[in-house]
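As a plain string of letters, each chain reads:
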Amino acid sequence: MIQDISPDRLNNAFIPVVPDHNDYVLLFDDDGRLFVKILDGKICFTTGKDIPAKETVYLFSVNDTRYFLSTGAEEVTLSGFEYRTIRELRDFSRGTELFAAFTAYHLWKWYAENRYCGKCGGANGFHQAERALQCSRCSHVIYPRINPAVIVGVIKGDSLLITRYRTGYAHNALVAGFTEIGETAEQTVQREVMEETGVRVKNIRYYKSQPWGMAQDLLLGFFCEADGDGEIHMDEQELKYAEWVNRADIVLQPNNLSLTNDMMKHFRDGNLL
Ligand SMILES: [Zn+2]
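Residues numbered from 1 in each chain as written. Predicted model: local features only at pLDDT ≥ 70, side-chain atom pairs only at ≥ 80, totals over all residues. Heavy atoms only, no water.

### Some thoughts on the sheet that holds strand β3 (residues 34-39)
Link 1 in the chain: With antiparallel pairing, three strands are arranged side by side in an open sheet as β4-β3-β7. At either end of the open sheet lies a strand with only one pairing partner, and these are β4 (42-45) and β7 (82-84). Adjacent strand axes in the sheet meet at a mean angle of 65°, parallel and antiparallel pairs treated alike.
Link 2 in the chain: Seen against the sheet, helix α2 (residues 96-112) touches β3 and β4 and runs at an angle of roughly 55° to β4. (Pairing = 2+ DSSP bridges. Helix = DSSP H or I, 4+ residues; strand = E, 2+ residues; numbered from the N terminus. Axes fitted to C-alpha atoms, helices over the stretch in contact; angles between N-to-C directions. Contact = heavy atoms within 4.5 Å.)

### Topic: the pairing of strand β6 (residues 65-70)
Every regular strand shows the same layout, with side chains that alternate between the two sheet faces.
Link 1 in the chain: Both strand β2 (residues 24-26) and β6 contribute to a ladder of three bridges, which runs parallel. Within the sheet, the bridge partner assigned to V25 lies in β6 and is F68.
Link 2 in the chain: Pairing of strand β5 (residues 56-62) with β6, which is carried by six bridges, proceeds in the antiparallel orientation. In the strand pairing of β6, V57 is matched with L69.
Link 3 in the chain: Hairpin connection of β5 to β6: two residues between the antiparallel strands, including N63 at a positive phi of 55°.

### Topic: the side chain of R90
Link 1 in the chain: Within the secondary structure layout, R90 lies in helix α1 (residues 86-92).
Link 2 in the chain: No salt bridge is formed by the buried R90; the nearest opposite charge belongs to D91, separated by 4.9 Å.
Link 3 in the chain: Every residue in contact with R90, bar those within four places of it in the chain, is listed here: L98, F102, Y169, W212, M214, Q253, N255, L257 and S258. (Buried < 20%, exposed > 50% of the residue type's maximum accessible area, 1.4 Å probe, protein only. Lys, Arg positive; Asp, Glu negative; His and termini not counted. Salt bridge = Lys/Arg side-chain N within 4 Å of Asp/Glu carboxyl O.)

### With respect to the coordination of the zinc ion
Around a metal, the ideal angle is 109.5 degrees if four donors adopt a tetrahedral arrangement and 90 or 180 degrees if six donors adopt an octahedral arrangement.
Link 1 in the chain: Looking at the zinc ion, the protein donor atoms are C117 (SG), C120 (SG), C135 (SG) and C138 (SG), and they sit 2.3 to 2.4 Å from it.
Link 2 in the chain: Taken in chain order, the donor set of the zinc ion reads C-x2-C-x14-C-x2-C. (Donors = N, O, S within 2.8 Å, 3.2 Å for Na, K, Ca; no water.)

### Thoughts on the nonpolar core
Link 1 in the chain: In terms of nonpolar packing, the biggest core is built from 57 residues, with F28, L34, F45, F60, Y67, L89 and L160 touching the most fellow members.
Link 2 in the chain: Take this core: its biggest share by element is 11 residues, from α2.
Link 3 in the chain: When near neighbours in sequence (up to four residues on either side) are disregarded, F28 contacts R33, L34, L69, Y83, I86, A104, Y105 and W108.
Link 4 in the chain: Of all hydrophobic cores here, the second largest spans 15 residues; its members include V154, A185, C224 and A226. (Core = buried A, V, L, I, M, F, W, Y, C linked by side-chain atoms within 4.5 Å.)

### Some words on the pattern of salt bridges
When the charged atoms of two side chains with opposite charge come close together, those side chains can pair.
Link 1 in the chain: Scanning the entire structure with this criterion turns up 13 salt bridges.
Link 2 in the chain: The partner of E113 in a salt bridge is K109, with the nearest N and O atoms 2.7 Å apart.
Link 3 in the chain: Residue E113 is classed as exposed on the basis of its relative accessible area, which comes to 52%.
Link 4 in the chain: With a shortest N-O distance of 2.7 Å, R247 and D158 are connected by a salt bridge. Of the two residues, R247 is situated in the loop between β16 (239-246) and α4 (259-268) and D158 in the loop between β11 (147-156) and β12 (159-165); the sequence distance between them amounts to 89 residues.
Link 5 in the chain: Under the relative-accessibility criterion, R247 is labelled buried at 8%.
Link 6 in the chain: A relative accessible area of 35% places D158 in the partly exposed class.
Link 7 in the chain: When salt bridges that share partners are traced, they join E183, R191, E192 and E195 into one network.

### Let's talk about unusual backbone geometry
Note: most peptide bonds trans; most residues except glycine with negative phi.
Link 1 in the chain: A cis amide bond, omega 10°, links S6 with the succeeding residue P7.
Link 2 in the chain: Looking at where P7 falls in the secondary structure, it is placed in the segment before β1 (10-11).
Link 3 in the chain: The phi dihedral of D40 falls on the positive side, at around 50°, and the residue is not glycine.
Link 4 in the chain: Its place among the elements puts D40 in the loop between β3 and β4.
Link 5 in the chain: Within the chain, N203 stands out as a residue other than glycine whose phi angle is a positive 50°.
Link 6 in the chain: By secondary structure assignment, the location of N203 is in strand β14 (residues 201-212).

### Quick look at the layout of surface pockets
Rolling a probe over the atoms, with the probe sized like a water molecule, indicates the empty space that remains.
Link 1 in the chain: In this structure, the largest pocket spans a volume of roughly 540 Å³.
Link 2 in the chain: For the largest pocket, the lining is made up of 24 residues, of which Y165, A176, W212, A215 and D217 are closest to its centre.
Link 3 in the chain: When contributions to the lining of the largest pocket are tallied by element, the ones reaching two or more residues are α1, β11, β13 (175-178), β14 and β15 (217-226).
Link 4 in the chain: Taken together, the residues of the lining of the largest pocket sort by class into 13 nonpolar, seven polar and four charged. (1 Å grid on protein atoms, 1.4 Å probe; cavity = no way out; pocket = protein on both sides within 12 Å on 5 of 7 lines; lining within 4 Å. Points joined across faces, edges and corners; volume = space filled by probe spheres on them. Nonpolar A, V, L, I, M, F, W, Y, C, P; charged D, E, K, R; others polar.)

### Some thoughts on the sheet that holds β2
Link 1 in the chain: The sheet built from four strands is open, its strands ordered β1-β5-β6-β2 with mixed pairing. The outermost strands of the open sheet, each flanked by one partner alone, are β1 and β2.
Link 2 in the chain: Contacts between α2 and the sheet are confined to β1, β2, β5 and β6, with β5 contributing the most and set at about 150° to the helix.

See below:
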């Protein structure tokens, strides 16, 4: 999965430092596209040398490599570099750098959408001691937003409930959705499976989680079983396909970045019998 970068290691502890010439300084445009070069499937990032001295904020480190975000957008030209969407990076690159790009995007989006205080409308500035923004007027502090969501592998005998979205991602998927106010993750599982497919579920058990910076999510994977005959009534607003697919016939996604794909593979390979 995208976060499996061992032996590399992401260190997300915030430190109030400024970049030097060799640190990565990432530049996003207003649409969230990242200024990169892709060489043989590996993402090359801009460094402190490439980005003129403007305002930056420290993001995280991978091993000893420090990543910063450039927050004072300025036109930069660099041979071989171009702005790429996160979806393009997902399709055309891999490795530790892809996970770093996803995580940086998560933080970029949060910073970009929180320039002003939601409480009093004052300008937010970087908190000096922690990963936070603080209002310059009322001192209100906010922290990065992480959206909990579930991915659900619903099992019926030797089959898994496979879906495809009506729009967006084109490959096979599983039932998924965001946790709503006041519900547990298990209740999200029950509600989302019912809403998308009309199937009632039982024996819900937790499998794994995944940070998915592309959508600011923390994905929680669960397996469960159909309760009853498992007759499908698909939500046609959201899905274009929802079927029970036999273990042997499950077609995986083109790469193994997502928890969804990991779960489909886990079931297909004969686990959870
Ligand atoms: Zn304020």
